[in-house]
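# Observations on the model geometry
Residues per chain, in single letters:
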Amino acid sequence: MAFIRKRRQERELYSKERFSLLLLNLEEYYFEQHRANHIINKGCRDERKIRGSLKVCSKSIIFEPDESLQPIIKIPLRDCVSIKAPEDNEANNPFLRLLLFQVFLIKERNVIAPYKTIRGKTEHLFQLDVAGKLGDVVQTLHQLYRASCLDKMGDQAAMITAILQSRLARTSFDKNRFQSISETLRMECKAEMVTPLVTNPGHVCVTDANLYFQPLNGYPKPVVQITLQNVRRIYKRRHGLMPLGLEVFCTENDICSDIYLKFYNCQDRDELYYLIAAYIENHITEHTAESYMLQWQRGHISNYQYLLHLNNLADRSCNDLSQYPVFPWIIADYSSTELDLTKPETFRDLSKPIGALNKERLERLLTRYEEMPEPKFMYGSHYSSPGYVLFYLVRVAPEYMLCLQNGKFDHADRMFNSVAETWKNCLDGATDFKELIPEFYENDSSFLVNSLKLDLGKRQGGKAVEDVELPPWASGPDDFLRKSQEALESQYVSEHLHEWIDLVFGCKQKGSKAVTACNVFHPLTYEGGVDLNSIMDPNEKVALLTQILEFGQTPKQLFTTPHPQRIMPKSSSRTSSHSVSITESPVSPNEESFEDLTEESITLAWNNISKLRQDEQYKIHKEAITGIAVTCNGSSVFTTSQDSTLKMFSKESKTLQRSVSFSNMALSSCIILPGDTTVVSSSWDNNIYFYSVAFGRRQDILMGHDDAVSKICWRDGCLYSASWDSTVKVWKCVPGETLSNKRNCFELLAELEHDVSVNTIDLTASNSILASGTKEGTISVWDVTTATVLHQLPCHSGTVFDAAFSPDGRHLLSAGEDCCFKVIDVQTGMLISSVTAGEPQRCFRWDGNTVLSGSQSGELLTWDLLSGKVTERIKGHAGAVTSMWMNEQCNSVITGGEDRQIIFWKLQY
């Protein structure tokens, strides 16, 4: 659990003392502490001295007794009548004398409970251990007292900030805290360490080996140190609507960071970011929302993991309760005794925000929205805010609730008493539109149980607030979380989660699509909704910031086009992790289909593709090889080349059997038609040639383009040709009576026009979608049946060398002159991944996850596309690999190169 794990980390830092920064007000700083005695009934027979620590804070004085049964005393400075030091004639009696109207008693008998307020004029005396410090303490308290008594919050904040900056300017990072004397200082600046509801000022220092933070007050420990070698992720953050945050993680998947820093200017933040990023860039792969999307679509990460990653990328952090990770309500049935995850009605409609689930309530909200002056909004509260987070977590984080609500718990009837009641209120309540938090889908159920035995009040009817009431289908808290996890990972949610992502992180988050989706919140909650730097009045700025932070913030927008749906594996197909599906199949074990066996062999081949090894190689052309086609039985290999020849090589006899030249221009590609009787070649002379294998001569010629033909494909009796004349043409081939004496008749079915020369094409297995890549780097996705372009993306800078659909047709991979691989989601046209290679990859084959590519230098490379890393480099050609063929079982490969050679490759299991 993100929040609770963070609290446990803090508990280790904060040792055994009862004081924590949560005892301060929001936006308050803890400056210094002094050992002291609290003198009670001074001069009386029952005079007592209570030993403890006196904490000087920016808006209060806090005394923490050593004796845990004694209450912590919090004295607001603005409630003081006078703050006095001893007169000169009392120098031998060094007491700090405070006269005040109000004091708070906290953790009396060491019990976490609402603060006890003592009103009325009282006097408190404190005797400092170091009498010489008293004058400085009193002077500081007088300064802070004057600040706290200012009428306007902006003026208060400005004066306290000036005092803080003065203290920071008088100190610097203690270099004696370096782990090694050989460390080299790279940067030092002022910053604040951020934890939930708290910021702690100090000094940041980064060396060639470590990142340090030294709190000004030495709390919770003198120095926080992070070894740069352990850093795995680093993110710039928006904190308080300003680009001032930086969060550092030493783990790959945990949403809890190791440190969150807030800087006083973005220049310091950016400089530190680049120093750390430069250190870790050699061994860390930076993940984007698109790369995680590809992993999610392919089933490599769960729905839960994907939502965590999206939250993290959208500036959501467990250190910032105004931007806490947000998760959706999934289940809509909280009354049944059994939870049926096969029924759609069990689930919430993920295509609608919470506020739009109740039609009658939505109609009232839309009526108000239409009548509202600009700026308009549909919902008066947000789906995520500090109050909502602590509503769910009060049983494990009561001190945070007390901090947020000025020492009080919420009214008992407004507590998180029942899951069903909370869901009903989200559906029916006039102002309740809250979503859930990650804890509902994790493994720690303690937030549902009042294990601390907190006195959270009594509801109407006298019933005390205890554990959360669970739905009938849950046998207990652990079972509730287990079934919630099952629901989140269910088929229904996997098929519809992209709809919720559109609302919260994507294209329906704001703008006209948000209006259509009834998903409009207050403008101030959106990133860029207000520019704090443009507000000159400090009071207006503080009031606005306080309002926004308490109200909640909308996540950073990650996607601007519709989010693709998850790919759901079929029972008899291989899964995206290259493991054979074990789900039930109508085919019995003794009647395993040929397709199943083929899928298993393909899976085995791609799992071992890095074990590809050279078998034989032959130099059969005079120029670079441009195309390879192989007969069904694998005995004959046809190749085309820039030397203008089509050649037939016998694999059995290992001899060149035929060499044909159609013109003096280069041939660009070749295919062999079903039946292995005809080979088709495309040429730079604008023509397409049909060669009869049986009769050993040119059978036909198609003069269909005005410039070089760059690539051809054949599917179901149709020929697809791409050309530098900026077109892709679709031809219906009507064969003659016999291939020997009658020419084919070609009917132009469609012409797909481009702006520039087309270099490569590919078709999905269904032949309904075609992809084209141009010399200027544009990828276009076409609906062949209607001859209309579905998506057009400027993917590459320079020529697109190769493009191919994944076997399921969901994704399109392209390789370009710019040394990049790009992955496009075919359904939405979204660019979801970009992988940079060290050199151009000229051709490739892939299975949707793993890529086998031929490089400019002649090597074959195997790539894990999800991580963006090369898993194997295999030496091959003496020049660029320009053509690649792979058999249906994916265990045999032939490549052609600029070195004029063809190389046969085999898998060695």
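Everything numeric in this text was worked out from a predicted model, so none of it was measured. (Residues numbered from 1 in each chain as written. Predicted model: local features only at pLDDT ≥ 70, side-chain atom pairs only at ≥ 80, totals over all residues. Heavy atoms only, no water.)

### Looking at the sheet that holds strand 8 (residues 185-195)
How we decide: Paired strands are those between which DSSP finds at least two bridges. Helix and strand definitions here come from DSSP, where helices need a minimum of 4 consecutive H or I residues and strands a minimum of 2 consecutive E residues; each element is numbered from the N-terminal end. An axis is simply a line fitted to the C-alpha atoms; with a helix, the fit covers only the stretch in contact. Between two such axes, the angle follows the N-to-C directions and lies from 0 to 180 degrees.
In spatial order, the strands read 11-10-9-8-14-13-12; together these 7 strands make up an open sheet with antiparallel pairing. Each end of this open sheet is capped by a strand with a single partner; those strands are strand 11 (224-227) and strand 12 (233-239). Direction aside, neighbouring strands of the sheet carry axes that sit 30 degrees apart on average. The pairing of strand 9 (residues 198-207) with strand 10 (residues 210-215) spans 5 bridges and is classified as antiparallel. Residue pairing in the sheet places Val206 in a bridge with Leu211 of strand 10.

### Some points on the packing of aromatic side chains
Applied cut-off: Any two of the Phe, Tyr and Trp rings considered here, Trp counted by its six-membered ring, make a pair once their centres fall within 6.5 Å; the pair's planes then place it as stacked at under 30 degrees, edge-to-face at over 60, or tilted in between. Accessibility here uses a 1.4 Å probe with only protein chains present; expressed as a share of the type maximum, an area under 20% marks a residue as buried, one over 50% as exposed, and anything in between as partly exposed. By definition here, charges over rings are those cases where NZ of Lys or CZ of Arg is within 6 Å of the ring centre and within 35 degrees of the ring normal.
A full pass over the atoms with the stated rule returns 38 aromatic pairs. An angle of 65 degrees between the planes, with centres 6.4 Å apart, marks the rings of Phe662 and Tyr691 as edge-to-face. Here the residue Phe662 occupies a position in the loop between strand 19 (655-661) and strand 20 (667-672), and Tyr691 occupies one in strand 22 (residues 687-692), the gap between them amounting to 29 residues. With a relative accessible area of 12%, Phe662 lands in the buried category. By the ring-pair criterion, three or more aromatic residues cluster together here, those being Trp329, Tyr334, Phe391, Tyr392, Phe416, Trp423, Phe440, Phe447, Trp473 and Phe480. Over the aromatic face of Phe249 sits the side chain of Arg233, whose NZ or CZ is 4.1 Å from the ring centroid. Its guanidinium or amino end placed over the ring of Tyr388, Lys434 lies 5.1 Å from that ring's centre, counting from NZ or CZ.

### Focus on the pattern of salt bridges
Threshold: Whenever a carboxyl oxygen of Asp or Glu lies within 4 Å of a side-chain nitrogen of Lys or Arg, that contact is scored as a salt bridge.
A full pass over the atoms with the stated rule returns 25 salt bridges. Among the ionic pairs, Asp270 bridges to Lys236, the shortest N-O distance being 3.5 Å. Within this pair, whereas Asp270 is found in helix 4 (residues 266-280), its partner Lys236 is found in strand 12, the two being separated by 34 residues in sequence. On the accessibility criterion, Lys236 (30% relative accessible area) is partly exposed. Lys483 is the salt-bridge partner of Asp479, the closest N and O atoms lying 3.1 Å from each other. With Asp479 and Lys483 both in helix 11 (residues 477-488) and 4 residues apart, this pair spans about one turn of that helix. Of the residues examined, Lys483 reaches a relative accessible area of 16% and is grouped as buried.

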